[in-house]
Amino acid sequence: MAAEVYHQAIGAFQSNSYVNNFSHHQKLRNNLVKLVTKDFISSNYLSRARTSHYGQRNCSVIRSSASQTSIVDIVSSPSRTNTTDTHKKSSEAALILIRHGESLWNEKNLFTGCVDVPLSKKGIDEAIEAGKRISSIPVDVIFTSALIRAQMTAMLAMTQHRRRKVPIIMHNESEQAKEWSQVFSEDTRKQSIPVIAAWQLNERMYGELQGLNKQETADKFGKEQVHEWRRSYDIPPPNGESLEMCAQRAVAYFRDHIEPQLLSGKNVMIAAHGNSLRSIIMYLDKLTSQEVISLELSTGIPMLYILKEGRFIRRGSPVGPTEAGVYAYTRDLALYKQRLDDMFQ
């Protein structure tokens, strides 16, 4: 079964082009220090002082023109300062975080970073298992990185959701791409979930370590040096990103594009990577740089947060797909699950 799903998933994802995204990655690799200094550090995305500007920042990545009929219309583009009225109507919103399943390079013990490697058979099984564990949690919009292993994880997980809505990747890379991916049935659009791919949610770029065997790299440079590259907060590998640099882009994107969706009452799933998700968790849980470097995330294990009264509350990770109480369901989630039970009895 997993093998069949694997081949179907590979075929589907090979039909999608992310040339523009990886053109950007190449620029990132060649000019990383310059890019981070100019675009991320000097703009101080993580500063709370930027809050006053959020009203002017719309989620352009998921905006569509009025003249087009697109699945993207399901998701509005709220800013951080115009969500107050909507938030009053919705008492809470769910945020699901999933680290992608094992990739083919994970399986070979290679540094992967921003190299676009698909899931292994084990990774496919992990994604399906993750889907079973969140099958009764509402999902209105999905964000993934631009890398196929995260997108496969999101898509495969949603095949297990009881609501049976279809995830559809948004193509906003050009006007033609948006026009050609229009959906002309209102009923079909209502039974779809928009999937937004963003390079800012990519794994941190491992520079000259990408493609190297981890054990051989440790033998060559020494375990302490490799551990410093992998686990320090602000020391990058050669020509790569540190966790701090990854956090600056990932958290900025979360605050500008994902948090407004949650504040407007949308239930969000993020399928991404160890370091980009650790960065987001650092923001959600207000962790220090020392605390985040020791944070470990298992592949294919969902984490659930609830945004309620402007505060993120971690509800934990499930132990198994059949244990209904592992998420300590809130009242709203329990009611949603009951509606699903009634619908599919």
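What you are looking at is a predicted structure, and each value in this text was computed from that prediction instead of being measured. (Residues numbered from 1 in each chain as written. Predicted model: local features only at pLDDT ≥ 70, side-chain atom pairs only at ≥ 80, totals over all residues. Heavy atoms only, no water.)

**Student:** I'd like a rundown of the pairing of strand β4 (residues 192–197), residues and numbers included.
**Tutor:** Among the 6 residues of β4, 5 are classified as buried, and the element is accordingly described as predominantly covered. Pairing analysis gives 3 bridges linking strand β2 (residues 141–144) to β4, with the strands arranged parallel. In the strand pairing of β4, Phe143 is matched with Ile196. Alignment of strand β3 (residues 166–169) against β4, held across 4 bridges, turns out to be parallel. (Buried < 20%, exposed > 50% of the residue type's maximum accessible area, 1.4 Å probe, protein only. Helix = DSSP H or I, 4+ residues; strand = E, 2+ residues; numbered from the N terminus. Pairing = 2+ DSSP bridges.)

**Student:** Hey, could you go over helix α10 (residues 214–221) for me, with residue numbers and the actual values?
**Tutor:** Looking at where α10 begins, the residue whose side-chain oxygen comes 2.9 Å from the main-chain nitrogen of Gln215 is Asn213. Positive backbone phi, approximately 100 degrees, marks Gly222, located one or two places after α10. (Polar contact = N/O pair within 3.5 Å; in protein donor to acceptor, adjacent residues only side chain to side chain.)

**Student:** Give a detailed account of the packing of α10 against helix α11 (residues 223–231), specifying residues and quantitative values.
**Tutor:** Think of two packed helices as two axes; the pair is described by the angle between the axes and how far apart they sit. Between α10 and α11, the least distance of the axes is 6 Å, while the angle of their chain directions is 120 degrees. One element, α10, and the other, α11, form an angle in the oblique class. For the pair formed by α10 and α11, the contact residues are Lys214, Thr217, Ala218 and Phe221 on the first element and Lys223, Gln225, Val226, Trp229 and Arg230 on the second. Grouping the constituent residues of the contact of α10 with α11 by class yields 4 nonpolar, 2 polar and 3 charged. (Axes fitted to C-alpha atoms, helices over the stretch in contact; angles between N-to-C directions. Parallel < 35°, antiparallel > 145°, perpendicular 65-115°, else oblique. Contact = heavy atoms within 4.5 Å. Nonpolar A, V, L, I, M, F, W, Y, C, P; charged D, E, K, R; others polar.)

**Student:** Explain the environment of Ala93 to me, and be specific about the residues and the numbers.
**Tutor:** In this fold, Ala93 is placed in strand β1 (residues 92–99). Of the residues examined, Ala93 reaches a relative accessible area of 1% and is grouped as buried. As for Ala93 and Lys308, which are separated by 215 residues in sequence, their C-alpha atoms are 6.9 Å apart.

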